[in-house]
Amino acid sequence: MNYDADVAIVGAGLGGISASISAVKEGLNPIVIERGEYSGAKNVSGGRMYIHALKSLIPDVEERAPLERPITRETYKVFCNKGRELSFTFKEKSKTSFSVLRAKFDRWYASAAEEIGVTISYGTYLMGLQEEEDGITLNTSLGDIRVKYVIDAGGVTAPVARLLGRNLKPEHLMLGVKEVISYVQDLPEDEGEATTVIGLTRGLKGGGFVYTNKDTTSIGVTLKVDSLQSGSIKASEVVENYRAGLGLRGDVLEYSAHLIPYYGWGNLPPLYYNRVLAVGDAAGLLISDGFVIRGMDLAIGSGVIAGIAVKKVIDGSPLSIYEEMLKRSFVLSDMRKAWKAFQALSNPNFYGEYEDALCEALSREFLVNGKQRPTLIEALLKSFYDNGLNFSEAVKEIWKIV
Amino acid sequence: MENSVIPLLKRLSLNKYEVSQESHISINTNICKTCVEKPCIRVCPAGTYEAMPDGTVTAHYERCLECGAALVACPFGAISFKWPDKGITYRYG
Ligand SMILES: Cc1cc2nc3c(=O)[nH]c(=O)nc-3n(C[C@H](O)[C@H](O)[C@H](O)COP(=O)(O)OP(=O)(O)OC[C@H]3O[C@@H](n4cnc5c(N)ncnc54)[C@H](O)[C@@H]3O)c2cc1C
Ligand code: SF4
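Residues numbered from 1 in each chain as written. Chains lettered and ligands numbered in written order. Predicted model: local features only at pLDDT ≥ 70, side-chain atom pairs only at ≥ 80, totals over all residues. Heavy atoms only, no water.

Scanning all chains against the criterion turns up 24 salt bridges over all chains. A salt bridge links D60(A) to R64(A); the nearest nitrogen and oxygen atoms lie 3.6 Å apart. Across the pair E191(A) and K93(A) runs a salt bridge, and its minimum N-O distance is 3.4 Å. Residue E191(A) is found in the loop between β11 (173–181) and β12 (192–198), and its partner K93(A) is found in the loop between β5 (85–91) and β6 (97–99); the two are separated by 98 residues along the sequence. By relative accessible area, E191(A) is classed as buried at 10%. Classification of K93(A) by relative accessible area gives exposed; the value is 62%. One salt-bridge network, held together by shared partners, links E179(A), E240(A), R243(A) and R11(B). (Salt bridge = Lys/Arg side-chain N within 4 Å of Asp/Glu carboxyl O. Helix = DSSP H or I, 4+ residues; strand = E, 2+ residues; numbered from the N terminus. Buried < 20%, exposed > 50% of the residue type's maximum accessible area, 1.4 Å probe, protein only.)

Turning next to the packing of helix α1 (residues 14–25) of chain A against helix α4 (residues 102–115) of chain A. Residue and element names in this part refer to chain A. At a minimum axis distance of 10 Å, the contact between α1 and α4 shows a crossing angle of 15 degrees. Relative to α4, the element α1 lies roughly parallel. In the crossing of α1 with α4, the sense of the turn from one axis to the other is left-handed. Judged by residue contacts, L14, I17, S18, S20 and I21 of α1 engage R102, F105, D106, Y109, A110 and A113 from α4. Partitioned by chemical class, the residues of the contact of α1 with α4 number seven nonpolar, two polar and two charged. (Axes fitted to C-alpha atoms, helices over the stretch in contact; angles between N-to-C directions. Parallel < 35°, antiparallel > 145°, perpendicular 65-115°, else oblique. Left-handed = near helix turned anticlockwise from the far one by under 90°. Contact = heavy atoms within 4.5 Å. Nonpolar A, V, L, I, M, F, W, Y, C, P; charged D, E, K, R; others polar.)

Counting residues in hydrophobic clusters, the biggest one holds 59 residues, and the most contacted among them are M49(A), F105(A), Y109(A), I151(A) and Y322(A). Residues in contact with M49(A), not counting those within four places in the same chain, are L14(A), L54(A), T96(A), S97(A), F98(A), V100(A), F105(A), M296(A) and I300(A). (Core = buried A, V, L, I, M, F, W, Y, C linked by side-chain atoms within 4.5 Å.)

Here the focus is the site of ligand 2. Residues and elements named next belong to chain B. Taken together, the neighbourhood of ligand 2 is formed by I31, C32, C35, K38, P39, C40, V57, C74, P75, F76, A78 and I79. Among the elements of the structure, α2 (29–33) and α3 (39–43) are those that each provide at least two residues to the shell around ligand 2. Of the residues in the shell around ligand 2, the class split is eleven nonpolar, no polar and one charged. (Near = heavy atom within 4 Å.)

The next thing to look at is the interface of chain B and chain A. With 38 residues of chain B at the contact, the number on the chain A side is 54 residues. Taking both partners together, chain B and chain A bury about 3,800 Å²; carbon and sulfur atoms supply 53% of that area. Considering only the surface of chain B that becomes buried against chain A, R42(B), Y90(B) and Y92(B) emerge as the three largest contributors, covering 21% of it. Where chain B meets chain A, there are four salt bridges. The salt bridge partner of E66(B) is R35(A), with a shortest N-O separation of 2.9 Å. Mapped by element, the contributors of at least two residues to the side of chain B that touches chain A are α1 (8–12), α3, α4 (70–73) and β6 (87–89) of chain B. Per-element accounting of the side of chain B that touches chain A gives the leading share, four residues, to α3(B). When its residues are assigned to classes, the side of chain B that touches chain A shows 23 nonpolar, seven polar and eight charged. (Buried area = accessible area lost by both parts, 1.4 Å probe.)

Moving on to the site of ligand 1. Near ligand 1 lie 38 residues; those nearest to it are G15(A), E34(A), S45(A), R102(A) and D281(A). Bordering ligand 1 are residues originating from chains A and B. A distance of 2.6 Å separates an oxygen atom of ligand 1 from a polar side-chain atom of R102(A). Surface burial for ligand 1 is 98%, taken as the share of its 1,000 Å² of free accessible area covered by protein chains. Listing elements by their share of the shell around ligand 1, those giving two or more residues are α1, β13 (206–212), β15 (252–261), β19 (293–294) and α8 (296–314) of chain A. Residues of the shell around ligand 1, tallied by class, amount to 17 nonpolar, 14 polar and seven charged. (Polar contact = N/O pair within 3.5 Å; in protein donor to acceptor, adjacent residues only side chain to side chain. Areas by Shrake-Rupley, 256 points an atom, 1.4 Å probe, with all protein chains shown as cover.)

All names here are of chain A. The residue V61 is located in helix α3 (residues 61–64) in this model. For V61, a relative accessible area of 0% translates into the label buried. Sequence-wise, V61 and L28 are 33 residues apart; in three dimensions their C-alpha atoms are separated by 23 Å. Filtering out sequence-adjacent residues up to four positions away, V61 remains in contact with I51, L54, K55, L67 and W108.

Attention now moves to the packing of helix α9 (residues 321–328) of chain A against helix α10 (residues 330–337) of chain A. Residues and elements named next belong to chain A. The N-to-C vectors of α9 and α10 enclose an angle of 65 degrees; their axes lie 4 Å apart at closest approach. Contacts between α9 and α10 involve E323, L326, K327 and R328 on the former and, on the latter, F330, V331, L332 and S333. Considering only residue class, the contact of α9 with α10 consists of four nonpolar, one polar and three charged.

Residues and elements named next belong to chain A. Position of T89 relative to the elements: it lies in strand β5. With sequence-adjacent residues up to four places away left out, T89 is seen in contact with R73, E74, T75 and E193. A distance of 2.8 Å separates polar atoms of two side chains, one belonging to T89 and the other to T75.

Looking now at the side chain of D106(A). Residue and element names in this part refer to chain A. Mapped onto the elements, D106 comes out in helix α4. Residue classification places D106 among the buried positions, given a relative accessible area of 0%. When neighbours within four sequence positions are excluded, D106 is seen to be in contact with G13, L14, I17, S39, G40 and N43.

On to the domain arrangement of chain A. Residues and elements named next belong to chain A. Per the domain assignment, the segments making up chain A are domain 1 (5–341) and domain 2 (352–401). Here the C-alpha centre of domain 2 lies 37 Å away from the C-alpha centre of domain 1. Taken over both partners, the interface formed by domain 1 and domain 2 buries close to 900 Å², and the fraction arising from carbon and sulfur atoms is 62%. A per-residue breakdown of the area domain 1 buries against domain 2 is headed by R84, L86 and A341, which together make up 42% of the total. The interface formed by domain 1 and domain 2 contains zero residue pairs in polar contact (both at pLDDT 80 or more). (Domains from an automatic or database assignment.)

What follows is the structure, given as structure tokens:
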């Protein structure tokens, strides 16, 4: 039987581009199809990228890539009831993570792949597929492609898996709603801030983020889809209330949204099946503690491994080698480490009640009202008790996360 | 300098769209007539789904941000969604 290529990669986002680069380095000649007019045209992240995985593929990425700012400040902001606010900042001049804007970044990353000989067919989407004994035929908007193996790099909506019968479920998804605003934080050029915001999306499971870019700021919320379904507010309103709550000045430049996988290590969909290897969001490879989200480095890491694995499979290894390689890498080991925190966050107390109890205690501690000032631990115990929460349970739950 | 809430349609108008002639979303509105809560309206960040006085829901497909939520927004399977031919092109992303 004839093949158009050994492997087709569906989606030229972070996972797909990484897989294509590593496949070419392995001597393969992959076909990549991308729905957007260019890579990144349809992609949305917060976005703070940990660049370790990318550096292993492109060592001089810091000099070449359109990264926005290195994240040198990590801020947590907790908005409690009664206008109370708790925030703290950790500063460290490191260059392990950068803010990015995907329309710019992915376009550059795709061009880096094209430079080493990867062919990407843009404006091309996957519509159907047929499995055959010795291959698989993809029906794309530009015609059929027959290949030995497929890498599903189509992101959270997993186009290949869905055509093969997988249904997406609201409980495994978050919705990210984002705005890029013209506000520029007053920081030196080589510094940037990542802020995690808790308590401005009340009544919904989720949180918010603020990232400083070179000359814009990215803000947004990430919300469990099932909590939006059963809630009483529209996603489009949550993000605006959030922006108003933050009080940042500046015009809105772009309004965007994207689903986010929320499976966790214990609920991952299959990483490989039939003639398919799944990478990045399509494989549910994303770490979320409910507030902070890490999917970009996992997409790059799993993509790189898929490119190497597919070569081994063509040379005779079983497909399961892909999962074994992922297990030995940071991708699945970090997913596994994050599993406990992930489970702890299904506790609804995390979304509102613990924050309020914490602020209540701090308020008791700081307000001098003539009465004797309690110790912090006394204040915490009393405040949790008054709010009907169990302090030692809370400490246990929080301990799982940190 | 805007610190107050900006209406959704104004926010959507900031985006670059190439709208197809044909809708990429279809709705089985018979199901909607029996649906009281209409969760699709809360989930969709683009305000694509609008309730009509007769209990059905109409899809303003040209507003679609292609986030993918339409694939799970309706618990009763009334929404059929495929990717549009052209659609949105983000400049920041
Ligand atoms: C609001 C928000 C904030 C986030 N913040 C962060 C963050 O701060 N840090 C972090 O690490 N991660 C973050 N993430 C997660 C991160 O964006 C993803 O994990 C990452 O983009 C996954 O990469 P991917 O290559 O798997 O998928 P994608 O980047 O989504 O790429 C999939 C590609 O496939 C294409 N495609 C889809 N369907 C088809 C089809 N049928 N045919 C052809 N092509 C198709 C798409 O156009 C796209 O280019 C965030 C996500 C969101 C939504
Ligand atoms: S599309 Fe689904 S959720 Fe929306 S009104 Fe119709 S039945 Fe209800």
